[in-house]
Amino acid sequence: PRLLSQFYFADERVTRVVAEITGLDAELDPQQYLMLLNQLHLSQAHLLAILERIMEECIPKQRHSRDYLIKFPEELLVDNLRNHMLFAAECLLTGTFLEVEEADGAQLRPQARNLLCSLELVRRVLREQSLSQPSSYSEPVQSVLIQFDHLFAEFELSYVSSLVAVKSPEEIYRQQEIIVLFCETVERALRLGYLTQEMIDGYEPLLMFTIPRLAIISGLLIYPEGPLCLEQSPEQMSQVFSPFYNLLKKIRDLLRVLSAEELCMLERSLCTAE
């Protein structure tokens, strides 16, 4: 059950697979090479997962902030992102630029080298610690873990930033405004009887259409200074709504001529129409 013992055996597996790959002629047996390569990725992912748990146990208050992750596109926030970063660093160190431009890759190579050297140091000290005192973490162990954690975070942010346009602080704030708008819309809909708490608790599928429709009306009429404010330019709006700037203006103009009763009828119809 001890994490250091788990790390030792996971590290042994990585070392064994690497040795098998090194002793294999990939051209003579490409199928075996691909199989071993897949084993290497799986064993590295297991090793990194245990290392993550060790850092949470050993240096929880010294961890590098991961707040930058909210800037990443959602499709990149997957469970194997950490393993993908390690693979990217290994590729960069060998001069292989699979995903990034050559110029970006050249700039990232020093970071990749520092990260992989730090990982090798972490593996060595943790192996030694697991053989001597598997139930505790010495000061040198804590020090190398802190360094590795910081280097990994810095490489992750730099690498992903070279792949995609990460969200700006302004766009993140705009998305938070949309979240607030949706929450206020739901609260208002419950108060007016458009929705019921049972529908929300039961994850009623119709809500996927109802809430965004009501949120557009709320954003244009009830909270006009919020994320759907049309007094600003399309460039100042969230990317969620900016492509529909002119359409939103037409909807707002139509909504403004409705009476309170007509608006209520419209909103109720939006809660039932598919």
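Residues numbered from 1 in each chain as written. Predicted model: local features only at pLDDT ≥ 70, side-chain atom pairs only at ≥ 80, totals over all residues. Heavy atoms only, no water.

1. As for the packing of helix H2 (residues 30–58) against helix H3 (residues 81–93)
Argument step 1. Contact pair H2 / H3: the axes reach a minimum separation of 9 Å and the direction vectors enclose 115 degrees. Judged by the sense of rotation from one axis to the other, the crossing of H2 with H3 is right-handed. Seen from H2, the contacting residues are His41, Gln44, Ala45, Leu48, Glu52 and Met55; seen from H3, they are Arg82, Asn83, Leu86, Phe87 and Glu90.
Argument step 2. Of the residues assigned to the contact of H2 with H3, the class counts are 5 nonpolar, 3 polar and 3 charged. (Axes fitted to C-alpha atoms, helices over the stretch in contact; angles between N-to-C directions. Helix = DSSP H or I, 4+ residues; strand = E, 2+ residues; numbered from the N terminus. Left-handed = near helix turned anticlockwise from the far one by under 90°. Contact = heavy atoms within 4.5 Å. Nonpolar A, V, L, I, M, F, W, Y, C, P; charged D, E, K, R; others polar.)

2. Digging into the pattern of salt bridges
Argument step 1. Per the stated rule, a full pass over the model turns up 12 salt bridges.
Argument step 2. The residue glutamate 56 makes a salt bridge to arginine 63 at a minimum N-O spacing of 2.7 Å.
Argument step 3. Judged by its relative accessible area of 16%, arginine 63 falls in the buried class.
Argument step 4. Glutamate 231 serves as the salt-bridge partner of arginine 252, at 3.5 Å between the closest nitrogen and oxygen. Taken together, the residues arginine 252 in helix H9 (residues 245–256) and glutamate 231 in the loop between helix H8 (207–222) and H9 connect sequence positions 21 residues apart.
Argument step 5. Relative accessible area serves as the criterion here: at 11%, arginine 252 is assigned to the buried category.
Argument step 6. Overall, the relative accessible area of 66% leaves glutamate 231 in the exposed class. (Salt bridge = Lys/Arg side-chain N within 4 Å of Asp/Glu carboxyl O. Buried < 20%, exposed > 50% of the residue type's maximum accessible area, 1.4 Å probe, protein only.)

3. Topic: the state of the cysteines
Any covalent bond linking the sulfur atoms of two cysteines counts as a disulfide.
Argument step 1. Considering all chains together, one arrives at 0 disulfides under this definition.
Argument step 2. Summary of cysteine pairing: cysteine 183 is not part of a disulfide, and the nearest cysteine sulfur, belonging to cysteine 271, is at 17 Å.
Argument step 3. By relative accessible area, which is 48% here, cysteine 183 ends up partly exposed. (Disulfide = S-S within 2.5 Å.)

4. With respect to the nonpolar core
Argument step 1. Among the nonpolar cores identified, the biggest contains 44 residues, and Leu51, Ile54, Leu126, Leu145, Phe148, Phe155 and Tyr159 are the most heavily contacted of them.
Argument step 2. If you list the elements that add at least two residues to this core, you get helix H1 (3–22), H2, H3, helix H4 (102–132) and helix H5 (139–163).
Argument step 3. Residues contacting tyrosine 159, with those up to four places away along its chain left out, are Met85, Ala88, Leu92, Glu99, Val100 and Leu108.
Argument step 4. Among the nonpolar cores identified, the runner-up in size contains 14 residues, and Leu181, Met237, Leu255 and Leu270 belong to it. (Core = buried A, V, L, I, M, F, W, Y, C linked by side-chain atoms within 4.5 Å.)

5. Observations concerning H9
Argument step 1. Helix length check: H9, at 12 residues, gives a terminal C-alpha distance of 17 Å against a target of 16 Å (1.5 Å per residue), a fit within 8%.
Argument step 2. Residues of H9 that are buried: Tyr245, Leu248, Arg252 and Leu255. Seen end-on, H9 carries its buried residues on one side only, within an arc spanning 80 degrees. Residues of H9 that are exposed and angled more than 90 degrees away from the buried face: Asn246, Lys250 and Leu254. (Expected span 1.5 Å × (residues − 1). Arc of directions from axis to C-beta.)

6. Some words on the domain arrangement of the protein chain
Argument step 1. Split into domains, the protein chain comes out as domain 1 (3–163) and domain 2 (169–272).
Argument step 2. Summarising the inter-unit geometry, the C-alpha centres of domain 1 and domain 2 are found 44 Å apart. (Domains from an automatic or database assignment.)

7. Focus: H5
Argument step 1. An ideal rise of 1.5 Å per residue puts 36 Å on 25 residues; H5 measures up with 37 Å between its terminal C-alpha atoms.
Argument step 2. Those residues of H5 not exposed but buried are Val141, Val144, Leu145, Phe148, Asp149, Phe152, Ala153, Phe155, Glu156, Tyr159 and Val160.
Argument step 3. Where H5 is buried, its residues touch H2, H3 and H4.

8. Section: the side chain of glutamine 232
Argument step 1. With respect to the helices and strands, glutamine 232 occurs in the loop between H8 and H9.
Argument step 2. At 3.1 Å, the side chain of glutamine 232 forms a polar contact with the backbone oxygen of cysteine 229.
Argument step 3. Not counting the four nearest positions on each side in its chain, glutamine 232 is found in contact with Gly226, Pro227, Met237 and Tyr245. (Polar contact = N/O pair within 3.5 Å; in protein donor to acceptor, adjacent residues only side chain to side chain.)

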